[in-house]
Amino acid sequence: MRVLQLVNTPRSFFDKQVEALERRGVECTTVTVPGTHDADQSRSVTDYLRYYPDVLDHSLSGYDVIHAHYGLMGPFALAQPKRPVVLTLWGSDLMDEESFVPRLSRLSARLSDEVILPSTTMSAYLDTSHQILPWGVDTEQFRPIDQGRARERLGWPQDETTVLFPYPPERDVKNHPLAERVVSRLDDVTLRTMSGIPYEEVPYYMNASDAMLVTSKRESGPMVVKEAAACNVPVVSTDVGFVSSVLDGVANSYVRDGETELADALSDVLATGEPSSGRSNVVGLDQMGKDLESIYRAAIDGR
């Protein structure tokens, strides 16, 4: 099976998804929108106009399925004439009602052969038939690691009580000021941030921490909660994205809203000193790859 993957800006979870498919013998080619997209610069209309001929050239080269990732990619996948289209919506492309993208995402979903959402939270925003397929976690990379060994690797004090804020502090939507206020309510607790580090180092930051604190105003995920859960690191988080479903039934992790409630939950987590049980709630990459291949075959059979 050959699958053309269309993506605006690749993310680590997307890369892992492709790797899982290729391990199953699914041949994947990824076509990314040209141009630059980061915190300071967005892609231009010209970049997207240059993208369509590239997609069309690839789609006519014997692929079995076109898989569009994120709502903006839907029209490009659907504009080719013959191949079945699978559309995965990522979150903000469906839930951010302040932009035109959710309307485009819903239209693309109605025209696609199969639609995938990564969490049940998103289902309320889409009335088109879809399947829930949680993003998988590399459970070999994200695993419990001895805290002492992780702290030694990072040069953190062994006797420090540490809470990890897993984002750059300057990202407004992540709400670092709230995290600071929450931690300031607790005695002798250090709040550390995670920014600009190699992806392979992230499990060590998580395992070196006594807990992870997420105070985001909104999220389509976040994947860091799944990754921390896979490490059995306790998580205290605002009720955003798919956090509630990931932490449902997980010991020593809490979903709370409000500064006082977050601080009380974090205090309880640190007082126990116990790991979470989050690893049992995480979908591994192999299972995700198997489920994705089944969805591709359903799209092909539907045509």
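In short, a report on the structure. Computed from a prediction, not measured in an experiment: that's the story for all the values here.

As a further point, take the sheet that holds strand β10 (residues 235-237). Judged by pairing direction, the sheet is parallel, and its 5 strands sit side by side in the order β8-β7-β9-β10-β11 without closing on themselves. The sheet terminates laterally at β8 (190-193) and β11 (254-255), the two strands that pair on one side only. Summarising the sheet, strand β9 (residues 211-214) and β10 pair through 3 bridges and their orientation is parallel. Across the sheet, the residue bridging to Leu213 is Val236, located in β10. Relative to β10, helix α11 (residues 259-272) is tilted by about 175 degrees, and along the sheet it contacts β7 (162-165), β9, β10 and β11.

Before going further, it helps to spend a moment on the pairing of strand β4 (residues 85-88). Alternating positions in β4 separate into two faces, Val85 and Leu87 on one and Val86 and Thr88 on the other, with burial throughout. As paired elements, strand β3 (residues 65-69) and β4 share 4 bridges and run parallel to each other. When the bridges of β4 are listed, His69 appears paired with Thr88.

This paragraph deals with helix α6 (residues 147-154). Considered for burial, the residues of α6 that qualify are Ala150, Arg151 and Leu154. Projected onto a plane normal to the axis of α6, the buried residues spread over an arc of 95 degrees and lie on a single side. On the buried face of α6, the contacting elements are β7 and α8 (202-207). Measuring from the side-chain oxygen of the N-cap residue of α6 to the backbone nitrogen of Gly148 gives 3.2 Å; that N-cap residue is Asp146. Downstream of α6 by one or two residues, Gly155 has phi in the positive range, about 75 degrees.

With that settled, the discussion passes to the nonpolar core. Counting 90 residues, the largest nonpolar core has Leu6, Met73, Met206, Met212 and Leu266 as its most contacted members. With 6 residues, the single largest contributor to this core is helix α9 (residues 223-230).

Over its 18 residues, helix α12 (residues 285-302) extends 26 Å from the first C-alpha to the last, a length consistent with the 26 Å expected when each residue adds 1.5 Å. Within the span of α12, buried status applies to Leu285, Met288, Gly289, Leu292, Glu293, Ile295, Tyr296 and Ala299. Down the axis of α12, the smallest arc covering the buried residues is 160 degrees, so these residues share one side. Those residues of α12 that are exposed and aimed more than 90 degrees away from the buried face are Asp286, Asp301 and Gly302.

Let's shift gears to the sheet that holds strand β2 (residues 27-32). Strand order in the open sheet made by the 6 strands is β2-β1-β3-β4-β5-β6, with parallel pairing throughout. Of all strands in the sheet, those with a lone pairing partner are β2 and β6 (131-132), marking the two edges. Examined bridge by bridge, strand β1 (residues 2-7) and β2 share 6 bridges and lie parallel to one another. Residue Val3 lies in a different strand from β2, and its bridge partner there is Cys28. Across the face of the sheet, helix α1 (residues 12-23) comes into contact with β1, β2 and β3 while running at roughly 155 degrees to β2. The sheet strands contacting helix α2 (residues 45-59) are β1, β2 and β3, and the helix crosses β1 at an angle near 170 degrees.

A contiguous patch of negative charge, built from Asp239, Asp257, Glu261, Asp264 and Asp268, is present on the exposed surface. Examined against the element boundaries, Asp268 turns out to sit in helix α11.

So, how was this worked out
Residues numbered from 1 in each chain as written. Predicted model: local features only at pLDDT ≥ 70, side-chain atom pairs only at ≥ 80, totals over all residues. Heavy atoms only, no water. Pairing = 2+ DSSP bridges. Helix = DSSP H or I, 4+ residues; strand = E, 2+ residues; numbered from the N terminus. Contact = heavy atoms within 4.5 Å. Axes fitted to C-alpha atoms, helices over the stretch in contact; angles between N-to-C directions. Buried < 20%, exposed > 50% of the residue type's maximum accessible area, 1.4 Å probe, protein only. Arc of directions from axis to C-beta. Polar contact = N/O pair within 3.5 Å; in protein donor to acceptor, adjacent residues only side chain to side chain. Core = buried A, V, L, I, M, F, W, Y, C linked by side-chain atoms within 4.5 Å. Expected span 1.5 Å × (residues − 1). Patch = residues over 30% accessible without salt bridge, like charges linked within 9 Å, V, L, I, M, F, W, Y side chains within 5 Å. Areas by Shrake-Rupley, 256 points an atom, 1.4 Å probe, with all protein chains shown as cover. Salt bridge = Lys/Arg side-chain N within 4 Å of Asp/Glu carboxyl O. Lys, Arg positive; Asp, Glu negative; His and termini not counted. Charge placed at Lys NZ, Arg CZ, Asp CG, Glu CD.

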